[in-house]
Amino acid sequence: VQLQASGGGLVQAGGSLRLSCAPRGITFSRYTLGWYRQAPGKQREIIAGITYGGGTNYADSVKGRFTISRDDARNYMSLQMNSLKPEDTAVYYCRADHPALGSYYWGQGTQVTVSS
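As a convention, each chain's residues are numbered from 1 in the sequence order in which they are written. Given that this is a predicted model, residues contribute local features only at a pLDDT of at least 70 and side-chain atom pairs are listed and counted only at 80 or more, while totals for whole chains, interfaces and linings are drawn from all residues. Heavy atoms from the whole structure form the basis of all side-chain values; hydrogens and water molecules are not counted.

Asks: What's the story with the nonpolar core in this structure? I'm lost.
Replies: A general tendency of soluble globular proteins is for nonpolar side chains to be buried together. Core analysis: the biggest nonpolar cluster contains 29 residues, and W35, L79, M81 and Y92 have the highest contact counts within it. Listing elements by their share of this core, those giving two or more residues are β1 (2–6), β3 (17–24), β4 (32–38), β5 (45–50), β7 (66–71), β8 (76–81), β9 (90–97) and β11 (110–115). A run of DSSP states H or I qualifies as a helix once it reaches four residues; a run of E qualifies as a strand once it reaches two. Both are numbered from the N-terminal end. With four residues, β9 is the largest single contributor of residues to this core. Here the nonpolar core consists of buried residues drawn from Ala, Val, Leu, Ile, Met, Phe, Trp, Tyr and Cys, with membership extended through side-chain atoms lying within 4.5 Å. Each residue is placed in one exposure class: buried if its accessible area under a 1.4 Å probe, protein chains only, is under 20% of its type's maximum, exposed if it is over 50%, and partly exposed if it falls in between.

Dropping the structure here:
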């Protein structure tokens, strides 16, 4: 199983980026999905999650600026990031958790750099 994350890059403060994550070997439909990030010298933290029922939750640091979504028909998830700040600079990871099986998978990470 692989999760392929894409969409990272370099953007100026105030700009936007959209990250995507698609799996190989599983279908997302019964998985809880999430986006995490890890800044240099810091621990990996969860910033957004979405259940297979569509319920969402966000870290306070991104609430109102980031939107997580899923498209089970097309088997991918995304993270729309608006009003980016330099402190959003990090490697972003997607993750899929199967609540019944207890299995989980990580994407390989995509770098987001926000310049001031």
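Asks: Quick question: what am I supposed to make of the sheet that holds β1 here?
Replies: The strands that make up a sheet are held in pairs by hydrogen bonds between backbone atoms, and each pair lies either parallel or antiparallel. Pairing is antiparallel in the open sheet, where four strands are placed in the order β1-β3-β8-β7. Edge positions in the sheet fall to β1 and β7, since each of these pairs with one other strand and no more. Between one strand and the next, the sheet's axes are offset by a mean angle of 15°, whatever the strand orientation. Whether two strands pair comes down to DSSP finding at least two bridges between them. Looking at chain direction, β3 and β8 are connected through five bridges and run antiparallel. The residue of β8 that forms the bridge with L17 is M81. Whenever a helix is involved, its axis is fitted only over the stretch in contact; in every case the axis is a line through C-alpha atoms, and angles between N-to-C directions fall within 0 to 180 degrees.

Asks: What am I meant to see in the packing of aromatic side chains here?
Replies: To describe a pair of aromatic rings, one takes the distance between the centres and the angle between the planes. Working definition: rings of Phe, Tyr and Trp (its six-membered ring) pair if their centres are within 6.5 Å, and the pair is stacked with planes under 30 degrees apart, edge-to-face with planes over 60 apart, and tilted otherwise. For the coordinates displayed, the defined rule picks out three aromatic pairs. Between Y31 and Y105, the aromatic rings sit 6.3 Å apart at their centres with planes inclined by 50°, giving tilted as the arrangement. With Y31 in the loop between β3 and β4 and Y105 in strand β10 (residues 104–106), this pair connects stretches of sequence that are 74 residues apart. On the numbers, 4.8 Å between centres and 70° between planes, the contact of Y36 with W106 is edge-to-face. Here Y36 is found in strand β4, whereas its partner W106 is found in strand β10, with 70 residues between them in sequence. You can call W106 partly exposed: its relative accessible area is 30%. Members of the aromatic cluster, connected to one another through ring pairs, are Y36, Y93 and W106.

Asks: Got a minute to help me understand the side chain of N75 in this structure?
Replies: Positionally, N75 belongs in the loop between β7 and β8. By the criterion applied in these results, polar contacts are pairs of N or O atoms within 3.5 Å in which, for protein atoms, one can donate a hydrogen and the other can accept it, and in which residues neighboring in sequence qualify only through two side-chain atoms. Here I26 takes part through its backbone oxygen, which lies 3.3 Å from a polar atom of the side chain of N75. Whether two residues touch is decided by their heavy atoms; if any such pair falls within 4.5 Å, the residues are in contact. If we skip the residues at most four places from it in the chain, N75 touches A22, P23, I26, T27 and F28.

Asks: Looking at this model, I keep getting lost on the side chain of T110. Mind explaining?
Replies: Tracing the backbone through its elements, the reader meets T110 in strand β11. In this structure T110 comes out as buried when scored by relative accessible area, which is 11%. Separated by 3.2 Å, the side chain of T110 and the backbone nitrogen of G8 make a polar contact. In contact with T110, other than residues within four places in its own chain, are A5, S6, G7, G8, L19, A90, V91 and Y92.

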